[in-house]
Amino acid sequence: MIRVTSTKIYIASSWQPQRPRFHFPLAHPARLHRYSPQHLFNFYTTSRRSMAIEIAPLPVPPTVDASKLKEFGREVRGVNPGNLSTEEFKEVHDLLYKHGALLFRDVDLSPEQQYALTKAFDPASENYGHGNKKTEGEKKSILHPDLKTIPRVPQVQLIGNGTVYDHEGLAEAKLKHPSHTTFHKTHVSPEDEDKGYTRYYRWHIDAALYDLSPPKVTTLYGVSVPKGNHQRVRYDDGTGDELEVPLGTTAFVDGRNMFDLLPQELKSVAVRTRVKYAPHPYVWMAPAHALSTGLGIMSEGLEVPYDELPAWEEAKIKVLPMLWKNPVTGELHLQVHPCGVAELFVDPLPAGAKREGALYPDGAHITDLKAVRDLLYKMQRPAIAPSFVYPHDWHERDLVLFHNRGVLHTVVGAFKPDQVRAFHQCNLAASDDPKGPTEEDVRRWA
């Protein structure tokens, strides 16, 4: 429907005075009588098609080395992510895979629009990344307290902190921001927390890692974002590393960088390795404790024994490449959820590869859990150094899309009970598993 005022044209699928879908100013309002509604609509759509998408680097805090993040992330302007044309979506699609994360500011986005946008990256996908019933009866899952489903759009979850009332069909939702104090072996002291110190919670990929394939894209939409003093992440691993972050940031690292930082002998391991996850990994890991960096689990033998897990099938266990190939750029991303890994399969060096100095030249099946975790930590820890982390400073109505098969991310920090934070999260179990390195990649990097 088209509605014309003295200075603007409003175009909407159904006229809503409070929230027109599109509007633009008129240079010569007095000449409106010369044009029919169809002429005005054609002018609008032609103008809209000619408007180029604008991109800009993500704003990084002064504590981060911007040169280390120059290819990661872009802010996108000039389009409405809830109503992209085919051409606009193609551009956004390629930008996401090239840069890993996209930020749209000041967005009005319904849960239905968020689901549709997320699904557009994988049209054959349908269910939430952990299944539409999430952990369905698995109260022991470490994820169970963190997720509330939007009733009319079960693929979209409500996450955050505090109590939210009358929200998208939920009369009352009590939300709990995950805290390192419930998951790490050691904690920041209450005195240091009062001084603003905190930790990363758990570096991860959004994925069930059992039965369902890892989502291609996650969308996060900030509905209610409390403001407060910045906090300071302490790594507490003997390095002295710290990073100043906005309150309640989501921190991201680029899987391409995680691979690029490796020395040659570990690049060779990465390109030859497949990762086997535990069945029902979020139940399996629930009694265990995380490292102080949030990058993996301590090996204390606390995981739930396989015979005490909910019923599982060997055929549904996920065995995935350590490196996932970017479908647009062809680059390799080191993508491992370190908390859920149980075993590693390393293929032998290909014929003609240099054996001198190579690790596992004849291949290996690594089943010792501590050895698995130690190797992964050695490979992943360099990429979470402060200069490589992008901590997003959330504002209300921010929409962030991230390439879930190309980045790792983590919740950070802590809120007080009366600080209400509400976000909509959507990711969909993919229609296929990630593709690993090609034979050419193996020959190049092994």
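Note that the structure is predicted; figures quoted are calculated from it, not measured.

(A) A look at the overall build of the protein. Within the protein one finds 9 helices and 24 strands. Sorting the 446 residues of the protein into buried and exposed places 53% on the buried side. In the protein, the share of contacts with a sequence separation of at least 24, taken over all contacts with a separation of at least 6, comes to 75%. Within the structure as shown, the protein displays about 20,200 Å² of accessible surface, and the carbon and sulfur contribution to it stands at 51%.

(B) The packing of aromatic side chains, seen in detail. The tally for this structure, following the rule as stated, stands at 10 aromatic pairs. Seen in terms of ring centroids, Phe 72 and Tyr 390 are 6.2 Å apart; in terms of plane orientation they differ by 55 degrees. Their pairing is tilted. Here Phe 72, found in the loop between strand E4 (54–57) and strand E5 (74–77), pairs with Tyr 390, found in strand E21 (residues 390–392); they are 318 residues apart in sequence, far enough to count as distant. Exposure class is identical for Phe 72 and Tyr 390. Each is buried. Clustering of aromatic rings is evident, with ring pairs tying together Phe 72, Phe 252, Tyr 390 and Phe 402. Over the face of the ring belonging to Tyr 197 we find Arg 234, whose NZ or CZ atom lies 5.0 Å from the ring centre.

(C) Expanded view of the nonpolar core. The biggest cluster of nonpolar side chains holds 77 residues, and the ones touching the most others in it are Tyr 200, Trp 203, Met 322, Leu 334 and Met 379. Core analysis: the second largest hydrophobic core is formed by 19 residues, Leu 95, Leu 102, Phe 104 and Phe 121 among them.

(D) Region of the structure containing the pairing of strand E22 (residues 399–403). In terms of residue burial, E22 counts as a mostly covered element, since 5 of its 5 residues are buried. The two faces of E22 match: Leu 399, Leu 401 and His 403 on one face and Val 400 and Phe 402 on the other face are all buried. Sheet topology places strand E6 (residues 101–104) next to E22; 4 bridges connect them, and they run antiparallel. What sits directly across from Ala 101, in E22, is Phe 402. Here strand E11 (residues 217–224) runs beside E22; their pairing, made up of 5 bridges, is antiparallel. Across the sheet, the residue bridging to Thr 219 is Leu 401, located in E22.

(E) Inspection of the pairing of strand E8 (residues 156–167) at higher detail. Among the 12 residues in E8, 9 count as buried, and that is most of the element. In the sheet, strand E7 (residues 148–149) pairs with E8 via 2 bridges, with the strands oriented antiparallel. Considered in E8, the bridge of Thr 149 is made with Gln 157. Linking two consecutive strands that pair antiparallel, namely E7 and E8, is a turn of 6 residues.

(F) Quick peek at the environment of Arg 381. Inspection of the secondary structure assignment puts Arg 381 in the loop between helix H8 (369–380) and E21. Through-space distance from the C-alpha of Arg 381 to that of Met 258 is 8.4 Å; in sequence the pair is 123 residues apart. For Arg 381, the residues in contact, after removing those within four places along its chain, are Tyr 235, Asp 237, Thr 239, Asp 241, Thr 293 and Leu 295. Within the structure, Arg 381 has its side chain in polar contact with the side chain of Asp 241 (distance 2.9 Å).

(G) Representation of unusual backbone geometry. Phi at Asp 166 takes a positive value of approximately 50 degrees, unusual for a residue other than glycine. Relative to the helices and strands, Asp 166 is located in strand E8. Owing to a relative accessible area of 68%, Asp 166 belongs among the exposed residues under this scheme. One non-glycine residue, Tyr 360, lies in positive phi territory at about 50 degrees. By the secondary structure assignment, Tyr 360 is in the loop between strand E19 (341–346) and strand E20 (364–366).

(H) Region of the structure containing helix H6 (residues 264–272). In terms of burial, H6 is a largely internal element, 7 of the 9 residues being buried. Leu 266, Lys 267, Ser 268, Val 269, Ala 270, Val 271 and Arg 272 are the residues of H6 that are buried. Looking at the buried positions of H6, the neighbouring elements they touch are helix H5 (255–260), strand E15 (273–277), strand E17 (323–325), E19, H8 and helix H9 (439–445).

(I) Expanded view of the sheet that holds strand E10 (residues 197–198). Taking strand neighbours across the sheet as the criterion, the 3 strands line up as E10-E12-E13 in an open arrangement whose pairing is mixed. Each edge of the open sheet is held by one strand with a lone partner, namely E10 and strand E13 (242–245).

(J) Up close: the pattern of salt bridges. Scanning all chains against the criterion turns up 31 salt bridges. Note that Glu 242 and Arg 232 form a salt bridge whose closest N and O atoms lie 2.6 Å from each other. Of this pair, Glu 242 sits in strand E13 while Arg 232 sits in strand E12 (residues 231–234); the two residues are 10 residues apart in sequence, bridging distant segments of the chain. For Glu 242, a relative accessible area of 29% gives the class partly exposed. With relative accessibility at 30%, the residue Arg 232 sits in the partly exposed group. Across the pair Asp 241 and Arg 381 runs a salt bridge whose closest N-O atoms are separated by 2.9 Å. Within this pair, whereas Asp 241 is found in the loop between E12 and E13, its partner Arg 381 is found in the loop between H8 and E21, the two being separated by 140 residues in sequence. For Asp 241, a relative accessible area of 22% translates into the label partly exposed. You can call Arg 381 buried: its relative accessible area is 11%. Here the salt bridges do not stand alone but share partners, grouping Asp 122, Lys 216, Arg 405, Asp 432 and Lys 435 into one network.

Conventions adopted
Throughout this description, residue numbers start from 1 for each chain and increase along the sequence as written. In keeping with the model being predicted, local features are shown solely for residues with a pLDDT of at least 70 and side-chain atom pairs are shown and tallied solely at 80 or more, while totals for entire chains, interfaces and linings include all residues. Only hydrogens and water are set aside when side-chain values are computed; all heavy atoms of the structure are taken into account. Only DSSP runs of H or I covering at least 4 residues are called helices, and only runs of E covering at least 2 are called strands; the numbering of each starts at the N terminus. Relative accessibility under 20% of the residue-type maximum defines a buried residue, over 50% an exposed one, and the middle range a partly exposed one, all with a 1.4 Å probe and only protein chains included. Contact between two residues is taken to exist if any of their heavy atoms lie within 4.5 Å; hydrogens are not considered. Surface accessibility follows the Shrake-Rupley procedure with a 1.4 Å probe radius. Residue values consider only the protein chains on display as shielding. Side-chain rings of Phe, Tyr and Trp, where Trp is taken by its six-membered ring, are said to pair if the distance between their centres is within 6.5 Å; with planes under 30 degrees apart they count as stacked, over 60 as edge-to-face, and otherwise as tilted. For a lysine, the NZ atom is tested; for an arginine, the CZ atom; a charge sits over a ring if that atom is within 6 Å of the ring centre and within 35 degrees of the ring normal. Grouping buried Ala, Val, Leu, Ile, Met, Phe, Trp, Tyr and Cys residues that are joined through side-chain atoms within 4.5 Å yields what is termed a nonpolar core. For two strands to be treated as a pair, DSSP must find at least two bridges joining them. What qualifies as a polar contact is a pair of N or O atoms within 3.5 Å, subject to a donor-acceptor requirement within protein and to the restriction that residues adjacent in sequence count only when both atoms come from side chains. One side-chain nitrogen of Lys or Arg within 4 Å of one carboxyl oxygen of Asp or Glu is enough to make a salt bridge.

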